[in-house]
Amino acid sequence: MSVLVLSEECDPTTDAVIEALVERGVEVFRADLGWFPTSLHLDADLGSSGWAGTLRAGNREITLGDLRSVFYRRPTAFTFSPDLSNQELRHARMEAKLGLGGCLWSLPEVLWVNHPARQADMYKPTQLAAGKAVGLLVPRTLVTNRPGAVLRFAREVGGPIVVKPLGYASIHEEGRRRALYTHVLTDDELADLRGVETTAHLFQQYIGDKAHGLRLTVVGGGEDSQMFAAAIHAGSAAAAVDFRADYPSLTYRVVDIPDDVAAGVRAFMRHFSISFGCFDFCVDTTGRHWLLECNSAGQFQFVEQATGLPITAALADLLVKGAP
Amino acid sequence: MGVSRGVQEVYLLRFAVESSAAAASLPPWRYDFGRQIAVDTDGQPWYRQLVDMTMGTTGPSPDGTGSTGNEEWTPDYMPDERA
Ligand SMILES: Nc1ncnc2c1ncn2[C@@H]1O[C@H](COP(=O)(O)OP(=O)(O)OP(=O)(O)O)[C@@H](O)[C@H]1O
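Conventions we followed
- Residues numbered from 1 in each chain as written.
- Chains lettered and ligands numbered in written order.
- Predicted model: local features only at pLDDT ≥ 70, side-chain atom pairs only at ≥ 80, totals over all residues.
- Heavy atoms only, no water.
- Near = heavy atom within 4 Å.
- Polar contact = N/O pair within 3.5 Å; in protein donor to acceptor, adjacent residues only side chain to side chain.
- Areas by Shrake-Rupley, 256 points an atom, 1.4 Å probe, with all protein chains shown as cover.
- 1 Å grid on protein atoms, 1.4 Å probe; cavity = no way out; pocket = protein on both sides within 12 Å on 5 of 7 lines; lining within 4 Å.
- Sits in = over half its atoms within 2 Å of the grid points.
- Helix = DSSP H or I, 4+ residues; strand = E, 2+ residues; numbered from the N terminus.
- Nonpolar A, V, L, I, M, F, W, Y, C, P; charged D, E, K, R; others polar.
- Domains from an automatic or database assignment.
- pLDDT = per-residue confidence, 0-100.
- Contact = heavy atoms within 4.5 Å.
- Buried area = accessible area lost by both parts, 1.4 Å probe.
- Salt bridge = Lys/Arg side-chain N within 4 Å of Asp/Glu carboxyl O.
- Pairing = 2+ DSSP bridges.
- Axes fitted to C-alpha atoms, helices over the stretch in contact; angles between N-to-C directions.
- Disulfide = S-S within 2.5 Å.
- Buried < 20%, exposed > 50% of the residue type's maximum accessible area, 1.4 Å probe, protein only.

K.L.:
Residue-level account of the site of the ligand, with values.
P.N.:
Residues and elements named next belong to chain A. In the vicinity of the ligand lie 20 residues, with K124, K164, Q205, R244 and E293 positioned nearest. A distance of 2.8 Å is found between an oxygen atom of the ligand and a side-chain nitrogen or oxygen belonging to T182. Between the ligand and Q204, the relevant distance is 3.0 Å, taken from a nitrogen atom to a side-chain nitrogen or oxygen of the residue. For the ligand, whose unbound accessible area comes to 610 Å², protein coverage reaches 97%. Among the cavities detected, the one that contains the ligand is the largest pocket. Those elements giving two or more residues to the shell around the ligand turn out to be strand 9 (161-164), strand 13 (201-205), strand 17 (276-284) and strand 18 (289-295). Its residues assigned to classes, the shell around the ligand shows nine nonpolar, four polar and seven charged. Taken domain by domain, the makeup of the shell around the ligand includes at least three residues from each of domain 2 (120-137 + 208-321) and domain 3 (141-205).

Written as C-alpha cells, this is what we have:
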C-alpha cells in the first residue's frame, strides 16, 4: 500500500505531509508532472481491474495497483524537449495529458485528495451557486462584462461593493508580481467602469460589518470529516478588507462553527466529491457566516503554525486510510 | 503597498497593488530526491524554516516568491497552462 503525491518541488505544505506519511511507515512516491516525460516514466496496460503497471522516477518505482491514495497538490506542466516545434509541442502535451492523466485519473478504489477533474469543476461562480444550493449564506454576487450591469448591481445592493478576481490573486507586470486583493470600490471608481467589457468581472456585496475572517480547513469528505476552524482577526484597516494585505497584523484563534454551517460545508463537499477543502468565510458582527470560497488545494501551514490545529496529521491519516 | 497606476485595459487590474508578500524572497532550498522534500543549505527540512509563514506570506507562489494567498487552484483538468 502506498501514497502517490503529485506536486511541484517547491511546496512546503506537501513536504510536511510527506514527513507525516513517512512517520506513519507508508511508502510514498512523490513526483511532479513537470518531470514527465524526461524523468518520470509510465508503463501501464489495461487489466481486468483497470490500468496496471508502474510509475518510475530515478531508482524509485511504484505499482499502480498498490496505490491507496493520491495527494494532488500543484504539479507543474509537462516539460518537453526544446527541440520540438510548436505543433509538435501541442501534440505532445495533449498526448501526455490524455495518456498519463487518463491512466491515473481512472485508478479504481483510490482516494484522491482531490481528484483534478473535481477541482476543475470548482470555478468560483460554480462554488457560490453550490454553496447557496446547500443552504450556506453567500454574499450577493454579479459576474459580468457589462459596465451598465455593475451600476444596476450597486444600486440594488445599496451599500459598498467589492471587485475581486475569479482566479489567481496576482498578476505579473513588468517583471514584478502585483497582488489583486479584494477591493472596495469608491464612488469615483464606480463612476468610471471602462475596462469592465474586456473580460468577465466579479463584483460582490461588501460584508462591511465583518467581525473576523474564518478559515475552515476540512479533512475528509464524509460525515466523519474533521473541521479545523480558525478565526482570523485583522489588526489594520488594510487587513480588515483583505487579510492578505497585511499578514503581520493578523492574529488567529481556534473557534467553533455553528452546526448549520458545518452541515452546509459537508453537503458542499459531497456536491463536489472532494475530501479536503480550505473554506474562507466572513463572519459578521451578528454571527452570520458568509461563504466566500473553497480552495480544494489550499495552504494550511500558516493556520497550523499559528493555532496548533493538527491539520497535517489529520491529512496524513486520511491518505493512509484511503477510500471509504 | 503601492497605489493603482491609473486606467488599465482590464478594469480589475487597475487595482493591482505592490505587495510585500509577493516580493518576499524565500530562504534557499534544493529538492532532495531521496527524502522527497525540499531541504535547506544544512540539509534540514526547508519547510521548518518558513516559521514566519504566518507573518510575511502563506508560503511560496508558483514562481518561487512569496504567495499573496491561496494561489493553488488549478482551473484546468491538468496544469498544462502552468509551464
Ligand atoms: N464580499 C466580501 N466582503 C468582505 N470581505 C471580503 C469579501 N470578499 C472577500 N473578502 C475578503 O477578502 C479576502 C480574500 O477573500 P477571498 O477568499 O474571497 O479571496 P480570493 O480572491 O478568492 O482569494 P484566493 O482565491 O487567493 O483565496 C478575505 O480577507 C475576505 O474576508
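K.L.:
A description of the confidence of the model for chain B should follow, citing residues and the corresponding values.
P.N.:
Residues and elements named next belong to chain B. Chain-level statistics for chain B give a pLDDT mean of 67 and a share of 43% at 70 or above. Of all the helices and strands in chain B, helix 1 (residues 20-23) carries the lowest mean pLDDT, 60, while strand 1 (residues 30-32) carries the highest, 95. Taken together, the stretch residues 54-58 has pLDDT below 50 and engages in 20 contacts with residues farther than four places along the chain or on a different chain. For residues 69-83, every residue scores under 50 in pLDDT, and the model assigns this stretch 66 contacts once sequence neighbours within four places are set aside. Here the prediction assigns the complex a pTM of 0.90, and the interface score ipTM is 0.88.

K.L.:
Pulling in residues and values, what's your account of the domain arrangement of chain A?
P.N.:
All names here are of chain A. Taken domain by domain, chain A holds domain 1 (2-109), domain 2 (120-137 + 208-321) and domain 3 (141-205). Interface area for domain 2 against domain 3, summed over the two sides, is near 860 Å², with a carbon-plus-sulfur share of 61%. Broken down residue by residue, the surface that domain 2 buries against domain 3 is led by K124, V241 and R244, which jointly contribute 49%. Viewed at the interface, domain 3 and domain 2 are joined by zero salt bridges. The interface formed by domain 2 and domain 3 contains two residue pairs in polar contact (both at pLDDT 80 or more). In terms of residue count, the dominant contributor to the side of domain 2 that touches domain 3 is helix 4 (residues 124-133) (three residues).

K.L.:
Give me the lowdown on the sheet that holds strand 13 of chain A, citing residues and values where you can.
P.N.:
All names here are of chain A. Strand order in the open sheet made by the four strands is 8-13-9-12, with antiparallel pairing throughout. Where the open sheet ends on each side, the last strands, each with one partner, are strand 8 (141-144) and strand 12 (183-184). The sheet contact formed by strand 9 and strand 12 spans two bridges and is antiparallel. By the bridge assignment, V162 is partnered in strand 12 with V184. Sheet contacts for helix 5 (residues 147-157): strand 8, strand 9 and strand 13; angle to strand 8, the most-contacted strand, approximately 175°.

K.L.:
Residue-level account of the state of the cysteines, with values.
P.N.:
Applying the stated rule across the entire model yields zero disulfides over all chains. Take A:C294: it sits in no disulfide, and the sulfur closest to it among the cysteines is that of A:C278, at 7.1 Å.

K.L.:
So what's going on with the side chain of A:S249? Which residues, and what values?
P.N.:
All names here are of chain A. Tracing the chain through its elements places S249 in the loop between helix 7 (237-241) and strand 16 (251-254). Note on S249: relative accessible area 16%, which makes it buried. Ignoring any residue separated from it by four or fewer positions in sequence, one finds S249 in contact with H233, A234, G235, S236 and A239.

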